[in-house]
Amino acid sequence: QRAQHLKQSAWLAPAPQRLSSGLPVNIGVLFVPQQEAWVVERMGRFHRILEPGLNFLIPLLDRIRYVQSLKEIVINVPEQSAVTLDNVTLQIDGVLYLRVMDPYKASYGVEDPEYAVTQLAQTTMRSELGKLSLDRVFRERESLNANIVDAINQASDCWGIRCLRYEIKDIHVPPRVKESMQMQVEAERRKRATVLESEGTRESAINVAEGQKQAQILASEAEKAEQINKAAGEANAMLVRAKAKAEAIQLLAAALAQQHGSAAASLSVAEQYVSAFSKLAKDSNTVLLPANTGDVTHMVAQALGIYTTLTKTQAVKTQDELPPVHGDPQPPSTEVLKAEQVTSS
């Protein structure tokens, strides 16, 4: 508290008086350095401003009253306390860059231009900080500096001084406020990490679902293509088997229609009978056999009798379907003769 009281006392202290002991002495011939402006008074009134280089004055009548530097001046603004919009007390300091634009106004417009600009910068800083909350102070340092520069230039125009830049050096926050800010930052980071983790989980689930969907679509398409190919293969196989069977039936019919066809049919029936008889009792222990199992001749004769009966029935149906013919009777057809031969045999 004592240190703060001393700082406030220093801020409210009157402006220091300028000392004239360091001013150049008029000897009639003077050499003014570059980037300096010497204000000359004649008999107590403003006379002129000496430019850099060789200048002549009248001794005893002319007096060099002020020496103004035209270079850019850097002023360290002392640390001060300011209250933000959300009632947080901050300790803040800065650096002020200014330049004397009009030596006459800087000499006669204000007693000490540097001190006046420093005090103006401090008051403007406090007023600008009171318009912002603590979070905005850290985010809007550039706009805060620009507002302070504009406010200083509006007030210092009549002093012949122009503020070029203002930069905030350090902002000291109370310890408890700093701890709460650190906790807020940690909570914000944890929140961000949780959100990112949840978004990653969601994206992962979406990707897995999309992959399963595509896999099911591809599997169904593959199964569909497989069934189509299998059905096409079965259809082609059925067509091939039907064509083969049709060709076999045609060849068998042609063979039976030839001479000695019945003998060949008898031989085929006998071979099939023997083959079927050899497979008996292989799949099951229970077998039903006819009484004359060993009489192969009787079995073949019975099969040929069935075949002959079917052939006669087919021949009679064919004759009934033919239209009646008047006149000379036509000779019997070749198929009827062959049927009668087979019957007689």
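Looking up the protein in an unreviewed UniProt entry gives the name Stomatin-like protein 2, mitochondrial, with the organism given as Penelope pileata. The UniProt entry for the protein carries this comment under Sequence similarities (unreviewed entry): "Belongs to the band 7/mec-2 family." The annotation that UniProt attaches to the protein under Subcellular location (unreviewed entry) is "Mitochondrion inner membrane".

K.L.:
Just to check I follow, could you spell out the overall build of the protein for this structure?
P.N.:
In terms of regular secondary structure, the protein is built from nine helices and eight strands. By residue count, 23% of the 345 residues in the protein fall in the buried class. Counting contacts in the protein only where the partners sit at least 6 residues apart, residues at least 24 apart contribute 67% of the total. As presented, the protein carries roughly 24,700 Å² of accessible surface, and 57% of it is formed by carbon and sulfur atoms.

K.L.:
What is the right way to look at helix α3 (residues 113–129) in this model?
P.N.:
Since the α-helix advances by 3.6 residues per turn, residues separated by three or four positions end up pointing in the same direction. Along its 17 residues, α3 runs 24 Å from first to last C-alpha, staying within 8% of the 24 Å computed at 1.5 Å per residue. Where α3 is concerned, the buried positions are Pro113, Ala116, Val117, Thr118, Gln119, Leu120, Ala121, Gln122, Thr124, Met125, Glu128 and Leu129.

K.L.:
What is the right way to look at the packing of aromatic side chains in this model?
P.N.:
The geometry of two aromatic rings is summed up by the distance between their centres and the angle between their planes. A complete count under the given rule lists four aromatic pairs for this structure. Consider the rings of Phe46 and Tyr108, whose centres lie 6.0 Å apart with planes at 80°: the pair is edge-to-face. With a gap of 62 residues between them, Phe46 in strand β3 (residues 45–50) and Tyr108 in helix α2 (residues 103–108) connect regions that are remote in the sequence. Overall, the relative accessible area of 36% leaves Phe46 in the partly exposed class.

K.L.:
What's the story with the sheet that holds strand β2 (residues 36–42) in this structure? I'm lost.
P.N.:
Backbone hydrogen bonds are what pair the strands of a sheet, in a parallel or an antiparallel way. The antiparallel open sheet is built from three strands, whose spatial order is β3-β2-β5. Looking along the sheet, the strands with just one partner apiece sit at the ends: β3 and β5 (62–69). Pairwise comparison of adjacent strand axes, ignoring direction, gives a mean angle of 25° for this sheet. Where β2 and β5 come together, seven bridges link them in antiparallel fashion. Across the sheet, the residue bridging to Ala37 is Gln68, located in β5.

K.L.:
Is there a simple way to explain the confidence of the model for the protein in this structure?
P.N.:
Close inspection of predicted coordinates is inappropriate for parts of the model with low pLDDT. Mean pLDDT over the protein stands at 77; residues scoring 70 or higher make up 70%. No element of the protein has a lower mean pLDDT than helix α1 (residues 2–11), at 42, and none a higher one than β2, at 90. Ignoring residues within four places in sequence, the model shows residues 1–21, a span with pLDDT below 50, making 27 contacts including any to other chains. pLDDT under 50 marks residues 325–345. Its contacts with residues more than four places away, or in other chains, come to seven contacts.

K.L.:
I keep staring at the pattern of salt bridges and nothing clicks. Help me out?
P.N.:
Once their charged atoms are close, side chains differing in charge can pair, the charge on each being opposite to the other. Within this structure, the stated rule accounts for six salt bridges. Among the salt bridges present, the one from Asp62 reaches Arg42, with a minimum N-O distance of 2.5 Å. Here the residue Asp62 occupies a position in strand β5, and Arg42 occupies one in strand β2, the gap between them amounting to 20 residues. The class of Asp62 is buried, set by a relative accessible area of 4%. You can call Arg42 partly exposed: its relative accessible area is 30%. Close ionic contact of Glu203 with Arg202 constitutes a salt bridge, the shortest N to O distance being 3.8 Å. Residues joined in a network through salt bridges with shared partners are Glu72, Arg99 and Arg165.

What counts as what
Residues numbered from 1 in each chain as written. Predicted model: local features only at pLDDT ≥ 70, side-chain atom pairs only at ≥ 80, totals over all residues. Heavy atoms only, no water. UniProt positions renumbered as here; feature names shortened; annotations may be inferred. Helix = DSSP H or I, 4+ residues; strand = E, 2+ residues; numbered from the N terminus. Buried < 20%, exposed > 50% of the residue type's maximum accessible area, 1.4 Å probe, protein only. Contact = heavy atoms within 4.5 Å. Areas by Shrake-Rupley, 256 points an atom, 1.4 Å probe, with all protein chains shown as cover. Expected span 1.5 Å × (residues − 1). Phe/Tyr/Trp six-rings, centres within 6.5 Å; stacked < 30°, edge-to-face > 60°. Pairing = 2+ DSSP bridges. Axes fitted to C-alpha atoms, helices over the stretch in contact; angles between N-to-C directions. pLDDT = per-residue confidence, 0-100. Salt bridge = Lys/Arg side-chain N within 4 Å of Asp/Glu carboxyl O.

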